[in-house]
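# Analysis of the macromolecular model
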Amino acid sequence: DKVETFLKSELKKKNALLFVLIDSEVSKLEASSKLAKDVEKIGASAILVGGSSATDQIEMAKVVKGIKKGIKIPIILFPGNVTGVVPEADAILFSSLMNSENPYFISQAQALGAPSVLKFGLEPLPTAYLVIGDGTSAWFVGSARGIPFEKPKIAAAYALAAQFLGMRFVYLEAGSGAKSSVTPEMVKTVRHTFNGFLIVGGGIKDVKTAQNLVKAGADALVIGTFLEKGGSLKKLQEIAKAIQRSK
Ligand code: 1GP
């Protein structure tokens, strides 16, 4: 449980953590390794590799291997399917898309992927992946029945169920490139019932939004599209500083 322990120790020092998502199908190898090094410098605590549209396992394996050489922070796989399980990463968000309408994404993909997780020595981080809203790739690909943005109690009920099922991570996902992030109110309501590690992502691209999500109780924010679309590292650093502000 090296990575989980690391994340917890980071959380003792920082108010909240920044995870940067690298989609191996968007950013190619060289760009990815440079990006990973850069974001480590400005204080990211982990690199997530994956995404619901990343299906090229060979490319992903290359990206993970390439990134790993240059950084000390953990690489955590963020799989959208069994193709997201590749060697040489440190851990994996071993996720169940709890609000999917398709049992494949709740438990079957997990069963198909688990032997590889073991074989590759990846640390599984048991995660309830909850898709909020609709119209995004995660929503469509995962056949999710998106939890409405304005129904925080439903998200909290899922998070509580996740906790009762023994999951130590909850990921509130508005979807990559979402027009708006999950609301602080939803984060607050989930925080109230869920004791574990709370990850929030999708559509986060400014300091104010990030700060509000952290104030509401997020432990880690995931940022991907902002950088893919050429957002500056300077601005990302401002976001990192604002959310980490030492305890
Ligand atoms: C998507 O939550 C992550 O799975 C990150 O979202 O790409 O909108 O930053 P963005």
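In what follows, the accompanying structure is described. The structure presented is a predicted model; accordingly, all values stated were derived computationally and were not measured. One numbering rule holds for all chains: residues counted from 1, following each sequence as written. For a predicted model such as this one, the threshold for reporting local features is a pLDDT of at least 70, and the threshold for listing and counting side-chain atom pairs is 80 or more; totals across whole chains, interfaces and linings nevertheless cover every residue. Side-chain figures throughout are based on the complete set of non-hydrogen atoms in the structure, without hydrogens or water.

### Some points on the overall build of the protein
- What counts as a helix is a DSSP run of H or I of at least four residues, what counts as a strand is a run of E of at least two, and both are numbered from the N terminus. Each helix and strand counted, the protein has ten helices and eight strands in total.
- Against the compact-globule benchmark of 18 Å for 247 residues, the protein has a radius of gyration of 16 Å, which places it among compact chains.
- In the protein, which comprises 247 residues, the proportion classed as buried is 53%.
- Contacts between residues were defined by any pair of non-hydrogen atoms, one from each residue, lying within 4.5 Å. Counted over contacts in the protein with a minimum sequence separation of 6, partners at least 24 positions apart contribute 72%.
- Accessible surface, the protein: about 11,300 Å² in total, of which carbon and sulfur atoms supply 57%. We take the radius of gyration over the C-alpha atoms and set the globule estimate at 2.2 Å times the residue count to the 0.38 power. Note on exposure labels: buried denotes an accessible area under 20% of the residue type's maximum, exposed denotes more than 50%, and partly exposed covers the range between, all computed with a 1.4 Å probe on protein chains only. Only the protein chains shown count as cover for residues, and all accessible areas are computed by the Shrake-Rupley method using a 1.4 Å probe.

### Some points on unusual backbone geometry
- Unusually for a residue other than glycine, Glu88 sits at a positive phi of about 75 degrees.
- Turning to its location among the elements, Glu88 is positioned in the loop between β3 (75-78) and β4 (91-97).
- Residue Ser143 is not a glycine yet carries a positive backbone phi of 45 degrees.
- Along the chain, Ser143 turns up in the loop between α5 (137-141) and α6 (152-164).
- You can call Ser143 partly exposed: its relative accessible area is 27%.

### Some thoughts on the site of the ligand
- Being near a molecule or strand, for a residue, comes down to having at least one heavy atom within 4 Å of it. The environment of the ligand is formed by 14 residues, the closest being Glu173, Ser176, Gly177, Gly203 and Thr225.
- Glu173 is positioned with one of its side-chain polar atoms (N or O) 2.4 Å from an oxygen atom of the ligand.
- Counting only elements with at least two residues in the shell around the ligand, the list comes to β6 (169-173) and β8 (220-223).
- Here the nonpolar group is Ala, Val, Leu, Ile, Met, Phe, Trp, Tyr, Cys and Pro; Asp, Glu, Lys and Arg are the charged ones; every other residue, Gly included, is treated as polar. Counted by class, the shell around the ligand contains five nonpolar, eight polar and one charged residues. Here a polar contact is recorded for every N or O atom pair within 3.5 Å, except that within protein the pair must consist of a potential hydrogen donor and a potential acceptor, and residues adjacent in sequence are included only if both atoms are side-chain atoms.

### Comments concerning the sheet that holds strand β5 (residues 123-131)
- Spatially, the eight strands close up into a barrel ordered β1-β2-β3-β4-β5-β6-β7-β8, and their pairing is parallel. Averaged over neighbouring strand pairs, the angle between their axes works out to 30 degrees when direction is ignored.
- Two strands qualify as a pair provided DSSP detects at least 2 bridges between them. Taken together, the five bridges between β6 and strand β7 (residues 197-201) define a ladder with parallel strand orientation. Residue pairing for β7: Glu173 is matched across the bridge by Gly201.
- The angle between two axes is taken between their N-to-C directions and runs from 0 to 180 degrees, where each axis is a line fitted to C-alpha atoms and a helix contributes only its stretch in contact. The strands touched by helix α1 (residues 2-13) within the sheet are β1 (17-22), β3, β4, β5, β6 and β7, with β5 carrying the most contacts at an inclination of about 65 degrees.
- Strand contacts of helix α10 (residues 233-244): β1 and β8, with the helix running at about 145 degrees to β1, the strand carrying the most contacts.

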